Amino acid sequence: MIHIVIPGPPVAKARARISYRSSLGKYVGVTPAKTREAEGEVGWLAREAMQGSEPMTGAVCVEMAIYYPIPKSWPKKRQEEARSKRLRPTVRPDIDNIAKLFKDAVNGILWKDDSQVVDLHVRKWYSDSPRTEVKVYSEEVEYARQKEILKDIRAQEWYKESSNGTQAESGK
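What you are looking at is a predicted structure, and each value in this text was computed from that prediction instead of being measured.

**Things to note about the pairing of strand β2 (residues 17-21)**
- Relative to strand β3 (residues 26-30), β2 runs antiparallel, the two sharing five bridges. Looking at β3, one finds that Tyr20 is bridged to Tyr27.
- Between β2 and β3, which pair antiparallel one after the other, the connecting turn spans four residues, and Gly25 there sits at a positive phi close to 70°.

Quick look at the structure:
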């Protein structure tokens, strides 16, 4: 599993601006500087996390937790609600555009192409330390994890059933 922490407030992928270049005699798309810089930082963090490994092949799962800064202008009570996760951000940037920036930035680094992403979970929270945390793993790892979760659930259900049966018998 690859774990990447991108410090600072979340940055969304901005749309390319189309402009006419008379020197070229055609229209060209220009990616905004803020998007280019953010993609560069994410790409650098991804290269560091991969430690020289080849990009993943096959199906890939991604989990993103996006932590927005808590506005200082809010009353203390509202800030505390945000810290305790009772209040969630419903503000821009949109989660799909943040995920798009990440996926595009790590193409050819974490995976060959973002079409390999078959499972994507993105959540937004507030925090005193704004950041984006991303976990990337192969689908095989996700399958094994889900299998373990099901095994734990079945064990808990069996324990409940056996405990209830024991209590019922001792009450006779």
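**A look at the side chain of Gln116**
- Relative to the assigned elements, Gln116 resides in the loop between α3 (95-105) and β5 (117-127).
- A distance of 2.9 Å separates the side chain of Gln116 from the backbone nitrogen of Asp113, its partner in a polar contact.
- The residues contacting Gln116, other than those within four sequence positions of it, are Met56, Thr57, Gly58, Ala59, Val60 and Trp111.

**Digging into the nonpolar core**
- One finds Ile4, Val62, Phe102, Leu110, Trp111 and Val136 to be the most contacted residues of the largest nonpolar core, which totals 31 residues.
- Looking at this core, the elements that each hand over two or more residues are β1 (2-7), α1 (33-50), β4 (60-69), α3, β5 and β6 (131-138).
- Setting aside anything within four residues of it in sequence, one finds Val136 in contact with Met1, Ile2, Met56, Val60, Cys61, Val62, Phe102, Leu110 and Trp111.

**With respect to the layout of surface pockets**
- For the largest pocket, the calculated volume is near 170 Å³.
- Lining the largest pocket we find 14 residues, and of these Ile6, Pro9, Val11, Ala38 and Val42 sit closest to its centre.
- For the lining of the largest pocket, the elements supplying multiple residues, two or more each, are β1, α1 and α3.

**What to know about α3**
- When α3 is considered as a whole, its buried residues turn out to be Ile98, Ala99, Leu101, Phe102, Lys103 and Ala105.
- Buried positions along α3 lie against β1, α1, β4, β5 and β6.

**Things to note about α1**
- Between its first and last C-alpha atoms α1 spans 26 Å; for 18 residues at 1.5 Å apiece the expected length is 26 Å, and the two agree.
- If you follow the buried residues of α1, they end up packed against β1 and α3.
- Gln51 sits one or two positions beyond α1 and adopts a positive phi of about 50°.

**A look at the pattern of salt bridges**
- Summed over the entire model, instances satisfying the criterion amount to eight salt bridges.
- Between Lys13 and Glu39 there is a salt bridge, with the nearest N and O atoms lying 2.7 Å from each other. Separated by 26 residues along the polypeptide, Lys13 in the loop between β1 and β2 and Glu39 in helix α1 bring together distant segments of the chain.
- The exposure class of Lys13 is partly exposed, given its relative accessible area of 24%.
- According to the relative accessible area criterion, Glu39 is buried, its value standing at 18%.

**Focus: the confidence of the model for the protein chain**
- Looking at the protein chain, pLDDT values average 91 and 95% of them are 70 or higher.
- Across the protein chain, the element-wise mean pLDDT spans from 75 in helix α4 (residues 139-170) up to 98 in helix α2 (residues 76-83).

What counts and what doesn't
Residues numbered from 1 in each chain as written. Predicted model: local features only at pLDDT ≥ 70, side-chain atom pairs only at ≥ 80, totals over all residues. Heavy atoms only, no water. Pairing = 2+ DSSP bridges. Helix = DSSP H or I, 4+ residues; strand = E, 2+ residues; numbered from the N terminus. Polar contact = N/O pair within 3.5 Å; in protein donor to acceptor, adjacent residues only side chain to side chain. Contact = heavy atoms within 4.5 Å. Core = buried A, V, L, I, M, F, W, Y, C linked by side-chain atoms within 4.5 Å. Buried < 20%, exposed > 50% of the residue type's maximum accessible area, 1.4 Å probe, protein only. 1 Å grid on protein atoms, 1.4 Å probe; cavity = no way out; pocket = protein on both sides within 12 Å on 5 of 7 lines; lining within 4 Å. Points joined across faces, edges and corners; volume = space filled by probe spheres on them. Expected span 1.5 Å × (residues − 1). Salt bridge = Lys/Arg side-chain N within 4 Å of Asp/Glu carboxyl O. pLDDT = per-residue confidence, 0-100.

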